[in-house]
Every structure is written in structure tokens, then in C-alpha cells.
Amino acid sequence: FLLMSAFSLSANAFIRNVPSQYPTIQSAINASLNGDTVLVQPNTYLENINFRGKKIVLTSRYYQSNDYSFIQTTIINGSSPVYPDSASCVIINNHEDSTTVLQGFTITGGGGTIWADEHGAGLYREGGGVLVAYSNPVIQHNIITGNNCIPPGGSVNSTGGGGLRIGDCFCRLYNNLISNNTARYGAGVVLNYAGGEYKNNVICKNSGSVDYGAGTSIWVNSNYSRPRTIENNTIVSNTAISGTPGILGFSGTQGIIRNNIIWNN
């Protein structure tokens, strides 16, 4: 229903097809105007994409039939970045709003982006699969798996958000499978100064976290002007080298956590 409401934003909106009209997802995004939809056919796309402030729907054919196989076979693989320091599979960081939708993909192979913390904590490599900042997108019905934030080195303090790093925003994360990602904290999800709704996700088998109390499945830091709700998720079989393998609220962080299955972490 979120996707269909996005379609109705403008009578002048276009559906831009990949690859029949545009050879890459990024080229279709670049050509899009607010309210457009980028519709991607099943294939593996070796890309590291950036929404570049476009308030658009990026989707596989999953929206047409709710056929889960379209999620499994429409793959954004970020393992060959042009710039190794910008190796997130998907970046949404330019004030995109809630009409921005990322839906229906397998997102894998990302190595994260070196990112100056907005609150002065230094440099981090974050967001292996998806990096969100200063934006309020809807991210739903994706498989976010096999993203590995590279171990820190040089001036990088640590690595976080192997699956997703979400910061300084109000994000809606619905019905995703977030599995088998690694990072030194928040291997599944990092919420840094982020409100939002995080509902009906499966967060499982993420690993490798050791820093900042770990928080392998969900690492939450600091409060936001709007609340965060973590509800109706299944959070199972995540492991930490040390610290908390489940949900960690760092440094007095608050949130609503209800009706989740949290087991075998």
C-alpha cells in the first residue's frame, strides 16, 4: 500500500525501466524526477547506487505480484565499488522523504562507506548494505545479507551497521530479512540519533561485533526528536565476540521495544 500511494503523487510521474530503457539502476535514478518509479527486472546488478536526493520508488517486480522470487533474483551487488571508501550497496543521504521507497531487492556484497560522524566522534566505516542519513525513506521487503564492513584501519575508529546504518532521521524499516552481515558493532542494524518504525523484520545470524558494547542485531545510540519503535521483529541467532548480541541501547538511549521474538542470541 505504501508503494501504490507513492505512485499517486503526480499525474506526470514516469516508470523508468531497467535494463530495457536504462542499462543500470544508477542511470535510471539519475534520469528520474520526484514521484517517478524505477522498475528493475530480475538480474544481478554490480552497482553501488545513490538516490541523490530523488524522492522516487526503486523497486523490483515484487510489487506487481508479491512474488518473493523477485526479491531473491533482483540483486544489487556492491562488491565492486568504483571508490573503495564508498562501498555501501545503497546510499540515501540527501534529504529524501517518506515518499522515497527501496523495495524488493537482495542487497549484498557491500563493504560500507567511510563516514565522518555527524556528532564529532570521528571517522567510521558504516552501512555495508544500506547507508541512510538525514533522510526519511521507507525500506521494505528486501533481503539484506552478506554485507561485511571492512575492519578498521588508519584513521577509521571502527565499523558499524553491516546490514544498515541509519542516522539522524525517521526511517521506516518493514518486512526485511537482515542476515549474515558483519561489523564491529551493530552488525545487523545501527540506529544513530534515529527515530523511526522498525517492524516485522527478521534479523538473524549477524556476527562479529565487539566494539561499543556490540549490539550485534540492533545497536541504538542517542535519542531523536521523534520516537523509535522496534516491534514485531524476530531477532534470533546473532552472535557477538564480546558484549550484547541482541539489542543494545548505548549511553542512556530510549525506545519502545515490544512484541518481538528475541531468542538464541
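That block above? That's the structure.
Residues numbered from 1 in each chain as written. Predicted model: local features only at pLDDT ≥ 70, side-chain atom pairs only at ≥ 80, totals over all residues. Heavy atoms only, no water.

Visitor: Tell me about the overall build of the chain, residues and numbers included.
Guide: A tally of helices and strands in the chain yields 4 helices and 28 strands. For the chain, the C-alpha radius of gyration of 17 Å lies close to 18 Å, the compact-globule estimate for 265 residues. Across its three principal directions, the C-alpha atoms of the chain cover 50 × 40 × 35 Å. A total of 265 residues make up the chain; the buried ones form 54% of that total. Partitioning the intrachain contacts of the chain with sequence separation of at least 6 by distance along the chain shows that 75% fall at a separation of at least 24. Of the roughly 10,400 Å² of accessible surface on the chain, 52% is carried by carbon and sulfur atoms. Both charge centroids of the chain, one from 14 positive and one from 13 negative side chains, sit 3 Å from each other. (Helix = DSSP H or I, 4+ residues; strand = E, 2+ residues; numbered from the N terminus. Rg over C-alpha atoms; globule rule 2.2 N^0.38 Å. Buried < 20%, exposed > 50% of the residue type's maximum accessible area, 1.4 Å probe, protein only. Contact = heavy atoms within 4.5 Å. Areas by Shrake-Rupley, 256 points an atom, 1.4 Å probe, with all protein chains shown as cover. Lys, Arg positive; Asp, Glu negative; His and termini not counted. Charge placed at Lys NZ, Arg CZ, Asp CG, Glu CD.)

Visitor: Give me the lowdown on the sheet that holds strand β16 (residues 156-160), citing residues and values where you can.
Guide: Here 4 strands make up an open sheet; going across it, the order is β7-β11-β12-β16 and the pairing mixed. Two strands lie at the open edges of the sheet, namely β7 (86-87) and β16, each paired on one side alone. Summarising the sheet, strand β11 (residues 112-116) and strand β12 (residues 123-126) pair through 4 bridges and their orientation is antiparallel. By the bridge assignment, Thr-113 is partnered in β12 with Glu-126. (Pairing = 2+ DSSP bridges.)

Visitor: Tell me about the pattern of salt bridges, and please be specific about residues and values.
Guide: Counting across every chain of the model gives 7 salt bridges. Each of Glu-118, Glu-126 and Arg-165 takes part in one network of salt bridges that share partners. (Salt bridge = Lys/Arg side-chain N within 4 Å of Asp/Glu carboxyl O.)

Visitor: Give a description of the packing of aromatic side chains that names residues and reports values.
Guide: For the structure shown, the criterion picks out 7 aromatic pairs. Summarising the aromatic geometry, the rings of Tyr-124 and Tyr-185 are spaced 6.3 Å apart at their centres and angled 90° between planes, so their arrangement reads as edge-to-face. Highlighted residues: Tyr-124 in strand β12 and Tyr-185 in the loop between β19 (177-179) and β20 (189-192), separated in sequence by 61 residues. Like Tyr-124, the residue Tyr-185 is buried in the burial classification. (Phe/Tyr/Trp six-rings, centres within 6.5 Å; stacked < 30°, edge-to-face > 60°.)

Visitor: Break down the environment of Thr-239 for me, with residues and values.
Guide: Position of Thr-239 among the secondary structure elements: in the loop between β25 (234-236) and β26 (247-250). The partly exposed category is assigned to Thr-239, whose relative accessible area is 44%. For the pair Thr-239 and Pro-137, spaced 102 residues apart in the sequence, the C-alpha separation amounts to 28 Å. With near-sequence residues (within four places) excluded, Thr-239 lies in contact with Asn-206, Ser-207, Gly-208, Ser-209, Thr-216 and Pro-245.

Visitor: Tell me about the state of the cysteines, residues and numbers included.
Guide: According to the stated counting rule, one finds 0 disulfides in the structure shown. Of all cysteine sulfurs in the structure, the one in Cys-89 sits closest to Cys-149, which takes part in no disulfide; the separation is 10 Å. Unpaired in this structure, Cys-171 has its nearest cysteine sulfur neighbour in Cys-169, at a distance of 5.5 Å. (Disulfide = S-S within 2.5 Å.)

Visitor: Tell me about the pairing of β11, and name the residues and values.
Guide: Looking down a regular strand, the side chains alternate between one sheet face and the other. Sheet analysis places β7 next to β11, joined by 2 bridges and oriented antiparallel. Looking across to β11, one finds that Ala-87 is bridged to Gly-112. Hairpin connection, β11 to β12: the antiparallel pair is bridged by 6 residues, and Gly-120 has positive phi, about 85°.

Visitor: Account for the sheet that holds strand β24 (residues 228-231), with residues named and values stated.
Guide: Pairing is parallel across the open sheet formed by 9 strands, whose spatial order is β1-β2-β5-β9-β14-β18-β21-β24-β27. On the outer flanks of this sheet lie β1 (15-18) and β27 (256-258), each paired with one strand and no other. With direction set aside, neighbouring strand axes in the sheet form an average angle of 10°. One ladder, built from 4 bridges, connects strand β21 (residues 195-199) with β24; its direction is parallel. Along β24, the bridge assignment pairs Glu-197 with Thr-229. (Axes fitted to C-alpha atoms, helices over the stretch in contact; angles between N-to-C directions.)

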